[in-house]
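If you want the building blocks of each chain, they are given just below.
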Amino acid sequence: MKKKFIAAVLAGAVMISGLSVSVMADKEKTFVYGTTGYSEEMGDAGLNPHDNYSGWSALRYGVGETLFKYNDNMEVEPWLATDYEFVDDTTVKITLRDGVKFSSGRTMDAQAVKECLENLVKVHDRAPSDMKIDYIDADGLTLTIYTTEPCPAIINYLGDPYGAIIDMEYGVQGEGGNANVAGTGPYIAEKVTPTQIDLVKNENYWGGDVKVDKVTVKSFSDGSALTAALQTGDIQGTYGLQYDNYALFDGNPEYTINSCATSRCFFGQFNFESEIMQDQNIRKAIEMGIDKEGFCSVIMEGRGLPAKAAFPDSFSYGNEAVETVSYDPEGAKKLLEESGWKDTDGDGYADKDGQKLTIDWLTYPTRLEQPKLAEYAQATLKEIGIDVVVNNTSDHMTYAADGNFDVYVSSTTTAPTGDPEYFFTSTVVGPKNYGKYENKEVTALTEKLHQAFEPEERAKLATELQQKILDDDGFFFVSHLNMGIVTKSNVKGMAAHPCDYYEITADLDVE
Amino acid sequence: MTKKKRGSSSVYRTGTDSVKIRLIVLTVLAALLLLTALCAKYICPYDPYEQNLLLAKQPPGPEHLLGTDRYGRDMFSRILIAGTTSIFSTLILVSITTVTGTFVGIICGWRGGFVDAFLMRISDLFLAFPSLVFALAVAGVLGGGVQNAVLALAVVSWPKFARLARGLTLTQKEAPYIMAARLSGSSTPALLLRHILPNIAGPVLVTAVLDIGTMMMELAGLSFLGLGVQPPAAEWGSMINEGRSLLQIAPWMSLAPGAAIFVTVLIFNLLGDTLRDYLDPEHKKKRGK
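Residues numbered from 1 in each chain as written. Chains lettered and ligands numbered in written order. Predicted model: local features only at pLDDT ≥ 70, side-chain atom pairs only at ≥ 80, totals over all residues.

- Chain B carries the name Peptide/nickel transport system permease protein in an unreviewed UniProt entry, which gives Blautia caecimuris as its organism.
- Here chain B is described in UniProt, under the heading Subcellular location (unreviewed entry), as follows: "Cell membrane". (UniProt positions renumbered as here; feature names shortened; annotations may be inferred.)

- Identification of chain A as Peptide/nickel transport system substrate-binding protein from Blautia caecimuris is taken from an unreviewed UniProt entry.
- Word for word, the UniProt comment on chain A under Subcellular location (unreviewed entry) is "Cell membrane".
- Among the UniProt annotations of chain A, the heading Sequence similarities (unreviewed entry) holds the following wording: "Belongs to the bacterial solute-binding protein 5 family."

## Here's the deal with the overall build of chain A
For step 1, the next point in the chain: Each helix and strand in chain A was counted, giving 14 helices and 21 strands.
For step 2, the next point in the chain: Taken over the C-alpha trace, chain A has a radius of gyration of 25 Å; the compact-globule value for 511 residues is 24 Å, and the two agree within 12%.
For step 3, the next point in the chain: Overall size of chain A, expressed as C-alpha extent along the three principal axes, is 80 × 75 × 45 Å.
For step 4, the next point in the chain: A burial count over chain A gives 51% of its 511 residues as buried. (Helix = DSSP H or I, 4+ residues; strand = E, 2+ residues; numbered from the N terminus. Rg over C-alpha atoms; globule rule 2.2 N^0.38 Å. Buried ≥ 20, exposed ≤ 12 C-beta atoms within 10 Å, placed from the backbone.)

## Comments concerning the overall build of chain B
For step 1, the next point in the chain: Along chain B, the regular secondary structure elements total ten helices and zero strands.
For step 2, the next point in the chain: Along chain B, helices (α) and strands (β) appear in the sequence α-α-α-α-α-α-α-α-α-α when read from the amino end.
For step 3, the next point in the chain: For chain B, the C-alpha atoms occupy an extent of roughly 75 × 50 × 30 Å along the three principal directions.
For step 4, the next point in the chain: Expressed as a percentage of its 289 residues, the buried residues of chain B come to 41%.

## Looking at the packing of helix α2 (residues 75-111) of chain B against helix α9 (residues 252-279) of chain B
All names here are of chain B.
For step 1, the next point in the chain: The geometry of α2 relative to α9 is characterised by a closest axis approach of 11 Å and an angle of 40° between their N-to-C directions. As judged from the angle between their axes, α2 and α9 are oblique. Every pair of crossing elements has a handedness; the one defined by α2 and α9 is right-handed. Residues Met75, Ile79, Ala82, Gly83 and Ile87 of α2 form the contact with α9, whose own contacting residues are Trp252, Met253, Ala256, Pro257, Ala260 and Thr264.
For step 2, the next point in the chain: Split into classes, the residues belonging to the contact of α2 with α9 amount to nine nonpolar, two polar and no charged. (Axes fitted to C-alpha atoms, helices over the stretch in contact; angles between N-to-C directions. Parallel < 35°, antiparallel > 145°, perpendicular 65-115°, else oblique. Left-handed = near helix turned anticlockwise from the far one by under 90°. Contact = placed C-beta atoms within 7 Å. Nonpolar A, V, L, I, M, F, W, Y, C, P; charged D, E, K, R; others polar.)

## Some points on the environment of Val100 of chain A
Residues and elements named next belong to chain A.
For step 1, the next point in the chain: Relative to the helices and strands, Val100 resides in the loop between β5 (91-96) and α3 (110-123).
For step 2, the next point in the chain: Look at Val100 and you get buried, because 21 C-beta atoms sit within 10 Å.
For step 3, the next point in the chain: Separated by 17 residues in sequence, Val100 and Leu117 place their C-alpha atoms 17 Å apart.

## Details of the pairing of strand β18 (residues 407-413) of chain A
Residue and element names in this part refer to chain A.
For step 1, the next point in the chain: The element β18 is largely enclosed, with a buried count of five among its seven residues.
For step 2, the next point in the chain: Here strand β12 (residues 255-270) runs beside β18; their pairing, made up of seven bridges, is antiparallel. Counted as the bridge partner of Cys265 is Thr412 from β18.
For step 3, the next point in the chain: Across two bridges, strand β16 (residues 358-363) lies against β18 in parallel orientation. Across the sheet, residue Trp361 finds its bridge partner in β18, namely Val407. (Pairing = 2+ DSSP bridges.)

## A few points about the interface of chain A and chain B
Often the size quoted for an interface is simply the accessible area lost on bringing the parts together.
For step 1, the next point in the chain: Every contact between the two is made by 15 residues of chain A and, on the other side, 14 residues of chain B.
For step 2, the next point in the chain: For the side of chain A that touches chain B, the leading source of residues is helix α10 (residues 369-383) of chain A, giving four residues.
For step 3, the next point in the chain: Split by residue class, the side of chain A that touches chain B holds seven nonpolar, six polar and two charged.

## Things to note about the UniProt feature "transmembrane region" (unreviewed entry) in chain B
Residues and elements named next belong to chain B.
For step 1, the next point in the chain: Taking the UniProt record as the reference, the feature "transmembrane region" (unreviewed entry) is found at residues 79-104, 125-155 and 249-271.
For step 2, the next point in the chain: The distance separating the terminal C-alpha atoms of residues 125-155 is 11 Å; by composition the span is 84% helix and 0% strand.
For step 3, the next point in the chain: This span, residues 249-271, is 87% helix and 0% strand, and a straight line between its end C-alpha atoms measures 36 Å.

## Examining the domain arrangement of chain A
All names here are of chain A.
For step 1, the next point in the chain: Domains assigned within chain A are domain 1 (30-236 + 490-510) and domain 2 (262-481).
For step 2, the next point in the chain: The gap between the C-alpha centroids of domain 1 and domain 2 is 30 Å.
For step 3, the next point in the chain: Counting from both sides, the interface comprises 26 residues of domain 1 and, opposite them, 20 residues of domain 2.
For step 4, the next point in the chain: Contributing elements (two or more residues each) for the side of domain 1 that touches domain 2: α4 (127-131) and α5 (154-158).
For step 5, the next point in the chain: Counted by class, the side of domain 1 that touches domain 2 contains ten nonpolar, eight polar and eight charged residues. (Domains from an automatic or database assignment.)

## Points about unusual backbone geometry
All names here are of chain A.
For step 1, the next point in the chain: The backbone of Lys132 shows a phi angle near 50°, a positive value even though the residue is not glycine.
For step 2, the next point in the chain: Summarising the element assignment, Lys132 is placed in the loop between α4 and β6 (133-139).
For step 3, the next point in the chain: In this model, Asp473 sits at a positive phi of 55°, which is unusual for a non-glycine residue.
For step 4, the next point in the chain: You can see Asp473 is positioned in the loop between α14 (455-471) and β19 (475-488).

## Digging into the UniProt feature "domain: ABC transmembrane type-1" (unreviewed entry) in chain B
For step 1, the next point in the chain: Annotation from UniProt places "domain: ABC transmembrane type-1" (unreviewed entry) at residues 87-272 of chain B.
For step 2, the next point in the chain: Within the segment residues 87-272 of chain B, helix and strand shares are 84% and 0% respectively, and the terminal C-alpha atoms sit 16 Å apart.

## Examining the UniProt feature "domain: Solute-binding protein family" (unreviewed entry) in chain A
For step 1, the next point in the chain: In the numbering used here, UniProt assigns the feature "domain: Solute-binding protein family" (unreviewed entry) to residues 75-427 of chain A.
For step 2, the next point in the chain: Helix makes up 25% of residues 75-427 of chain A and strand 26%, whereas the separation of the span's terminal C-alpha atoms amounts to 22 Å.

## Topic: the confidence of the model for chain B
Residues and elements named next belong to chain B.
For step 1, the next point in the chain: The predicted model of chain B has a mean per-residue pLDDT of 85, with 91% of residues at 70 or higher.
For step 2, the next point in the chain: Low confidence marks residues 1-13, where pLDDT is under 50. Its contacts with residues over four positions away, or in another chain, come to eleven contacts.
For step 3, the next point in the chain: At the level of chain-chain contacts, confidence expressed as ipTM amounts to 0.71, with global pTM at 0.77. (pLDDT = per-residue confidence, 0-100.)

## What about helix α7 (residues 188-224) of chain B?
For step 1, the next point in the chain: With 37 residues, α7 of chain B should cover 54 Å at 1.5 Å per step; its first-to-last C-alpha distance of 46 Å lies more than 12% under that length.
For step 2, the next point in the chain: Immediately beyond the C-terminal end of α7 of chain B, within one or two residues, lies Gly226 of chain B, with a positive phi of roughly 90°. (Expected span 1.5 Å × (residues − 1).)

## Details of the packing of helix α3 (residues 113-128) of chain B against helix α5 (residues 146-173) of chain B
Residues and elements named next belong to chain B.
For step 1, the next point in the chain: Direction vectors running N to C along α3 and α5 enclose 125°, while the axes themselves pass 8 Å from each other. Classified by the angle between their axes, α3 and α5 sit oblique to one another. The crossing of α3 and α5 is left-handed. The residues of α5 that touch α3, namely those facing Ser123, Phe126 and Leu127, are Val156, Pro159, Ala162 and Arg163.
For step 2, the next point in the chain: Split by residue class, the contact of α3 with α5 holds five nonpolar, one polar and one charged.

See below:
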């Protein structure tokens, strides 16, 4: 009897708590967004722009804003700034927008921006070497940045997500994937975890009225779950839907697909500290053994374009400007033979001195097509006698940092700032060069690019640099991606952007 | 299924001969499965690992009986070749657990005392874990691969057999025929092997056969989660996972390996059931009449 009573009480409690959840949501406009682009694995969990790639999340989900932004042609436009002027090669004067407030209530002025940028170059891994900031002067709404050397791309870099302006007096609340900040954007984060962000509208947004009251950003690591969640209506919009699932939404009036070409690129780094990878013939053979066309047209369902180098066709220094090897299994086999790798024991794989030609292929699952590329390359490389062992792990950053790979395939936005320098300073000679590729000429040219002011000169250097790393077979590039946002058709004001980082903005509306 | 009460199977039994017929039919079916798995390499119509993107995601048809996957590999060939991995690794797994478990169980039942208490506490320890969760942890630490998956499941599955064999040994230990054998001077190993083992083999064998289905599912489960067989190797569990993201677009990619598991598990479970009916003492009595 007593047991029955307890059971009844418990059941009642469960029902009441269930009801209380469904009572809310009256006239409020809410939007639930599912994305595969937010996770610790991607290095962008949390909202602290001064930590790794978390600035991307601050910018993507409408919490942070930068001084400058990119338009659809990837040209720089003022955002929190209204104007800028290079006083001389190493001095740039920036005028800030009046009337902007942080969500903490503080007014954004040159002093606040100075504090933010000073902390950025103090703690961030890429920003200091990008911007070469010496010191900053703040006076009212005028910010003057002095650099240690000419830094023509500084305006572009200020538009990089790490340049999201936050209130340093409010500081960073919480750590890593839980970090919350006070930005100037249309939304304020109420709760931040590595898997979910709860946002509410910023009533005092400087850019006008924000239309949606509550936004929830949910991280998905599984593509099928993301697709199913969109179909059932658990979420109203997605980013990073797997390409082969687009067919389910294409042509369906209940959904809107918005996609656009970006500089996001699947690319591979060779590990120069691995003995077999030091042989250039092997590196070249690997690139020649990958059928990029087939991968893009069938496995990517045409939503990716074969890449020759870091930048897509839309850039003057893009694919067309450089030359690299194409898919040629026979040629690849010959190269391996030149280096003494030949199948002598008839197991289908090349060998030398009794050693089988085996390479470790490191990649990670949240970019859903990367494991498929690995499995596809496994088959095409087998044709030329290379045994590919795939290590597809969420813990890829540890493996990469420890040099525990032969080939590391990841994806990056090569020109997030509309300028070629980023890719070279971050990935080729910078902290993301996990393969320890080194070429003095490349380092010197990167330095030269860093200091070149003329756009033509920068384009020429970018072309030259790409050609050099391709000639060295230091990297290989597989595909440039179309990034897509799929939403229910009643969701308006949400569009994929070529820079891949403005997603939730003040324009977002649910009808 | 494995926990079915003894009497319940009599519902299906109409006579002693029908059990025998069922046993024969199921044994033939199981043998056919094994034979197919054994010869998969020679009978599959296409190379199960050859990718051809031009043929990707073809629905089942006369060219490709079960369609093709996203890399254009023939599903039918892959299912056949995966059968080799799935069926034989399960059989190896069940053999390992049966032999180890029975061995430990007989020793415990026979010796009693400290050895019994010690080994049984260890087995209690393993029985206390939910087996798949523990196997996940083991496979997680040791890394993926079919060998590690088999090892992981073997580690958690042997206590069942140890318990069973121990209990059966205890019932036989004091039986008059054992006394007689002892009096006639049989050594302990001879006693265990010649007298105890044959007398407890029936229930152990039935449990082992019934276990094949469960183990196959668990092995497939580990592969489904990416901890078992590694790509590109074909295995039913991992094939279901590969097709999962295309369930709405190319359902055959998951349904075909799913059906393969279903049929195989069904055959082995029915075989186990029937074997039990056949070895059932009650049933034996009837046969004797």
